[in-house]
Amino acid sequence: MSLSPNHGPRRNGARPELVVIHFTAMQTAEAAQARLCDPAAEVSAHWLISETGQTTQLVDEDRRAWHAGAGEWGGRDDVNSRSIGIELANDGRSPFPEPQMTALERLLKAILTRWGIPPAGVIGHSDMAPGRKMDPGPRFDWRRLALQGLSVWPVPAPAGDFAADLHAFGFPDHPHLLEVFRLRFRPWADGPLDETDRALAAGLDAAAGRA
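Residues numbered from 1 in each chain as written. Predicted model: local features only at pLDDT ≥ 70, side-chain atom pairs only at ≥ 80, totals over all residues. Heavy atoms only, no water.

Description of the pattern of salt bridges
Next up, step 1: The full count for this structure, using the stated rule, is 14 salt bridges.
Next up, step 2: Across the pair Arg182 and Asp197 runs a salt bridge, and its minimum N-O distance is 2.6 Å. Note that Arg182 is positioned in helix 6 (residues 177-185) and Asp197 in helix 7 (residues 195-202), a separation of 15 residues in sequence. Neither residue differs from the other here; Arg182 and Asp197 are each classed as buried.
Next up, step 3: Taken together, the salt bridges that share partners define one network made up of Arg182, Arg186, Asp194 and Asp197. (Salt bridge = Lys/Arg side-chain N within 4 Å of Asp/Glu carboxyl O. Helix = DSSP H or I, 4+ residues; strand = E, 2+ residues; numbered from the N terminus. Buried < 20%, exposed > 50% of the residue type's maximum accessible area, 1.4 Å probe, protein only.)

Here it is as structure tokens:
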């Protein structure tokens, strides 16, 4: 039985094909769990991982948890119906502790195996909701996950059309596309679109195994 009441059936026969990673933006995991289980809040996630690595299931994976909100990925909306949401207890500014990252890796391995989700299906909340969300934020180590086959990291390729390459990977069309791309792949970069951005974007298809 789910700890959180904030869930429903997945719509139109959808099944999990994405994993969306969030941060809680709260001071403690206990406070985050209370909110994610509060029916008045109308938010939830399937899993919550504390700073110490304690992993708590809040919603059964076959149910539609209310974690993603408005946004899209791969040209389709209702991300809640086709994803599993993982909340990391983090205030939005601090590093993610080693025990938490280790627990996340363990959980991701199990989820990807259980549902047959490819590494490219592991995305951030900011990826599918650019301009609205920024989690898991610039301090999250996406490359670490990619090195274990739990996400993807592009190798630079001959530069092409930046926006078209991001859309082909799954990112939605949005004015903040460069910001959300850099948030995940170049969080230290600033300034206008450059050749490194374009080369990394061109490498996303190969990273996803679609080239």
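Re the layout of surface pockets
Next up, step 1: In this structure, the largest pocket occupies an estimated 370 Å³ of space.
Next up, step 2: Considering the residues around the largest pocket, the lining is formed by 19 residues, among which Phe23, Thr24, Glu87, His125 and Lys133 are closest to the centre.
Next up, step 3: Per element, the largest residue contribution to the lining of the largest pocket is three residues, and it comes from helix 1 (residues 29-36).
Next up, step 4: When the residues that make up the lining of the largest pocket are grouped by side-chain class, the tally is eight nonpolar, six polar and five charged. (1 Å grid on protein atoms, 1.4 Å probe; cavity = no way out; pocket = protein on both sides within 12 Å on 5 of 7 lines; lining within 4 Å. Points joined across faces, edges and corners; volume = space filled by probe spheres on them. Nonpolar A, V, L, I, M, F, W, Y, C, P; charged D, E, K, R; others polar.)

Topic: helix 2 (residues 98-115)
Structurally, the α-helix is built with 3.6 residues per turn, so residues lying three or four positions apart point the same way.
Next up, step 1: With 18 residues, helix 2 extends 26 Å between its outermost C-alpha atoms, agreeing within 8% with the 26 Å of an ideal straight helix rising 1.5 Å per residue.
Next up, step 2: All of the buried residues along helix 2 are Gln100, Met101, Ala103, Leu104, Glu105, Leu107, Leu108, Ile111, Leu112 and Trp115.
Next up, step 3: If you follow the buried residues of helix 2, they end up packed against strand 2 (18-23), strand 3 (47-49), strand 4 (55-57), strand 6 (83-88), strand 7 (122-124) and helix 4 (142-147).
Next up, step 4: Gly116 lies just past helix 2 and shows a positive phi near 65°. (Expected span 1.5 Å × (residues − 1). Contact = heavy atoms within 4.5 Å.)

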